[in-house]
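Now for the letters of each chain:
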Amino acid sequence: MAVSAVAVTAGLAGPGEAAASVRKPHVDPQLRAMLREIDPERIEAIIRRLVAFGTRHTLSAQDDPVRGIGAARDWIASEFERYAAESGGRMTVALDSFIQPVSSRIPVPTRITNVVATLRGSVTPERVYVVTGHYDSRVTDVLDATSDAPGADDDASGVAVVLELARVMATRSPEATIVFAAVAAEEQGLYGSDHLAQTFKDQGVQVYGMFSNDIVGTGDAHDGTANDPRTVRLFVEGVPTAETAAEANVRRSVGGENDGPSRQLGRFVHEVASTPETGMRVRQIWRRDRYLRGSDHISFLLRGYPAARFTEPRENFAHEHQDVRVVDGVQYGDLIEFCDFGYIARVARVNAAALWSLAQAPGTPRGVVIDTTQLTNETTLRWQPNPEPDLTGYELLWRETTAPDWTHTLDVGSVTTATVDLSKDNVFFGVRAVDRDGNRSPVAAPQPSS
Ligand SMILES: [Zn+2]
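All of these numbers come straight from a predicted model, not from anything done at the bench.

A.B. asks: Can you lay out the overall build of the chain for me, pointing to particular residues and giving the numbers?
C.D. replies: Summing up its helical and strand segments, the chain has ten helices and 19 strands in all. Taken over C-alpha atoms, the radius of gyration comes to 22 Å for the chain, in line with the 22 Å a tight globule of 450 residues would show. The dimensions of the chain, computed from C-alpha atoms along their principal axes, are 65 × 45 × 45 Å. Within the chain, the fraction of its 450 residues that count as buried is 58%. In the chain, 45 positive and 60 negative side-chain charges are present, and the distance between their average locations comes to 1 Å.

A.B. asks: Please give an account of the packing of aromatic side chains that cites residues and values.
C.D. replies: Per the counting criterion, the structure on display carries six aromatic pairs. With a centroid separation of 5.2 Å and 55° between ring planes, the pair formed by W383 and Y394 is classed as tilted. Of this pair, W383 sits in the loop between β14 (379-382) and β15 (391-400) while Y394 sits in strand β15, and the two are eleven residues apart along the sequence. Considered together, W383 and Y394 belong to a single accessibility category, that of buried residues. An angle of 55° between the planes, with centres 6.2 Å apart, marks the rings of W398 and F429 as tilted.

A.B. asks: Outline the pattern of salt bridges, listing residues and values.
C.D. replies: Any two side chains of opposite charge can pair, so long as their charged atoms come close to each other. For the structure shown, the criterion picks out 23 salt bridges. Close ionic contact of E243 with R251 constitutes a salt bridge, the shortest N to O distance being 2.6 Å. Of the charged contacts in the structure, one is a salt bridge between R267 and D259, with a shortest N-O distance of 3.6 Å. Side by side, R267 and D259 carry an identical accessibility label, which is buried.

A.B. asks: Talk me through helix α8 (residues 261-273); I want residue IDs and the actual numbers.
C.D. replies: Each α-helix winds once per 3.6 residues, and so residues spaced three or four apart point in a common direction. Helix length check: α8 (13 residues) gives 18 Å between terminal C-alpha atoms against 18 Å at 1.5 Å per residue, within 8%. For α8, the tally of buried residues reaches ten of 13 residues, placing the bulk of the element in the interior. Listing the buried residues of α8 in full gives S262, R263, Q264, L265, G266, R267, F268, V269, V272 and A273.

A.B. asks: Explain the coordination of the zinc ion residue by residue, including any values.
C.D. replies: Protein-derived coordination of the zinc ion comes from H134 (NE2), D154 (OD), D214 (OD) and D214 (OD), at a distance range of 2.0 to 2.7 Å. Here the zinc ion is ringed by four donor atoms whose angles at the metal span 52 to 147°, and the overall shape comes out irregular. Sequence spacing among the residues donating to the zinc ion works out to H-x19-D-x59-D. Linking D154 in helix α4 (residues 152-169) with D214 in the loop between β7 (206-213) and β8 (231-235), this pair joins segments that are 60 residues apart in sequence. One exposure class covers both D154 and D214, and it is buried.

A.B. asks: Talk me through the packing of α4 against helix α10 (residues 341-360); I want residue IDs and the actual numbers.
C.D. replies: At a closest axis distance of 9 Å, the pairing of α4 and α10 adopts a crossing angle of 55°. The orientation of α4 with respect to α10, classified from their angle, is oblique. Here the hand of the crossing between α4 and α10 comes out right-handed. Residues S157, V161, L165 and M169 of α4 pack against I344, V347, A348, N351, A352, L355 and W356 of α10. Class assignment for the residues of the contact of α4 with α10 results in nine nonpolar, two polar and no charged.

A.B. asks: Tell me about the pairing of strand β18 (residues 427-435), and please be specific about residues and values.
C.D. replies: Among the nine residues in β18, nine count as buried, and that is most of the element. Residues V427, F429, V431, A433 and D435 of β18 are buried on one face, and the alternating residues F428, G430, R432 and V434, pointing to the opposite face, are buried as well. Sheet topology places β15 next to β18; nine bridges connect them, and they run antiparallel. Note that in β18 the partner of R399 across the bridge is F428.

A.B. asks: Tell me about unusual backbone geometry, residues and numbers included.
C.D. replies: A cis amide bond links D154 to the next residue, D155, at an omega of 10°. Turning to its location among the elements, D155 is positioned in helix α4. The residue A185 is not glycine, and still its phi comes out positive at about 60°. For D328, which is not a glycine, the phi torsion comes out positive at approximately 50°. For D328, the position within the fold is in the loop between β11 (325-327) and β12 (330-332). What makes D328 exposed here is its relative accessible area of 78%.

A.B. asks: Requested: an account of the environment of G279, with residues and values cited.
C.D. replies: Within the secondary structure layout, G279 lies in the loop between α8 and β9 (281-285). Between the C-alpha atom of G279 and that of W406, which follows or precedes it by 127 residues, the distance is 24 Å. Residues in contact with G279, not counting those within four places in the same chain, are R230 and R346.

A.B. asks: So what's going on with the side chain of E175? Which residues, and what values?
C.D. replies: When you line up the elements, E175 lands in the loop between α4 and β6 (176-183). Buried charge E175 goes without a salt bridge, the closest partner of opposite sign being R127 at 5.1 Å. The residues contacting E175, other than those within four sequence positions of it, are G121, S122, V123, T124, P125, A359, Q360 and D390.

About the criteria used
Residues numbered from 1 in each chain as written. Predicted model: local features only at pLDDT ≥ 70, side-chain atom pairs only at ≥ 80, totals over all residues. Heavy atoms only, no water. Helix = DSSP H or I, 4+ residues; strand = E, 2+ residues; numbered from the N terminus. Rg over C-alpha atoms; globule rule 2.2 N^0.38 Å. Buried < 20%, exposed > 50% of the residue type's maximum accessible area, 1.4 Å probe, protein only. Lys, Arg positive; Asp, Glu negative; His and termini not counted. Charge placed at Lys NZ, Arg CZ, Asp CG, Glu CD. Phe/Tyr/Trp six-rings, centres within 6.5 Å; stacked < 30°, edge-to-face > 60°. Salt bridge = Lys/Arg side-chain N within 4 Å of Asp/Glu carboxyl O. Expected span 1.5 Å × (residues − 1). Donors = N, O, S within 2.8 Å, 3.2 Å for Na, K, Ca; no water. Tetrahedral: all angles 85-135°; square planar, octahedral: opposite > 155°, others 65-115°. Axes fitted to C-alpha atoms, helices over the stretch in contact; angles between N-to-C directions. Parallel < 35°, antiparallel > 145°, perpendicular 65-115°, else oblique. Left-handed = near helix turned anticlockwise from the far one by under 90°. Contact = heavy atoms within 4.5 Å. Nonpolar A, V, L, I, M, F, W, Y, C, P; charged D, E, K, R; others polar. Pairing = 2+ DSSP bridges.

Structure representation (structure tokens):
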């Protein structure tokens, strides 16, 4: 792509701009078909099978064919293999296995195994999106490897989402690569996802976005409050976990707390997945995770990858990390009777809309900078050209510094630098890429050029 310059004049409320939310009017027909194929009955069958392993505790049996985490691992792998057989060779299945030495919540060296299905992209396979659920479970004592730990909501529900996504996507050919991972040892300290994210980092894998589905079992907390079956929370950090000291200095100087890569990913998901087709509202929560809790997205955030966590709208803590028991008439434990399979199917549809829209759109522009070599009242942005062959150009976006989301867009065409007659001191800017079908990438916020 030729690098050329364009000068554009645009007022904050001037003519010639589109509202930031304008996208192509129709849902991609392939996505529409996938949303229909996501099946609550299959999700129920997956969760029943996972619960039937008795416990999936990380320290439970690895070689018992009936009970324990080893049996669960082998069953998940066999499911992925069945889906991959329908993929025309695009989907491959692998075990990411390692020995975790003695560490917090790991009293003896323990084999930990992530089960990973990779659907190779057809156009830009080096651009990767990752979706996870964790298949290990626990009860009250985090080292109790023998008691029944059904883990229906936490997190068979998330594994069911990942498996069902893999099944419906295996027969399609996304432009970018999608990795479906059932990760392990989340409850012991995110060890499985930590290993997976580090492996990607070591191999130079370009993860453009990652989602953890963890506790996505129901909109009904079963605590007397109203059911909220059409809301899923998406926890997205603002200031990047992996922010460097130099980046923090820039942020203290000119702001950007609300414009980290994960925050842009959250805005994108809200836009493409809060739709009549998914039947869901993605409620963005602008923090990394809930108080006192975490999930596998943190392993990816630590490596500088954009990542976020889906979870149900209101939790019942008597149903999480608890021995199965009845006390004073109250049922404790993570039982399948508290799951809503229709709800989990809708969460899977939200994930499908997010992942498919990301994979079919261009990647988030890289190397976006705002020219700060001199003091001027106009703004010049530069970025690296995207590699997608169907790319048609770029859009600038901006908003008041007090606005939560982008309010203005400007089509600047197939260029890699643009100047607008708006002061960089007064608004926040971003850049996104657009393809021939009108698919838009997530937004990249600029760094200062100097
Ligand atoms: Zn969990």
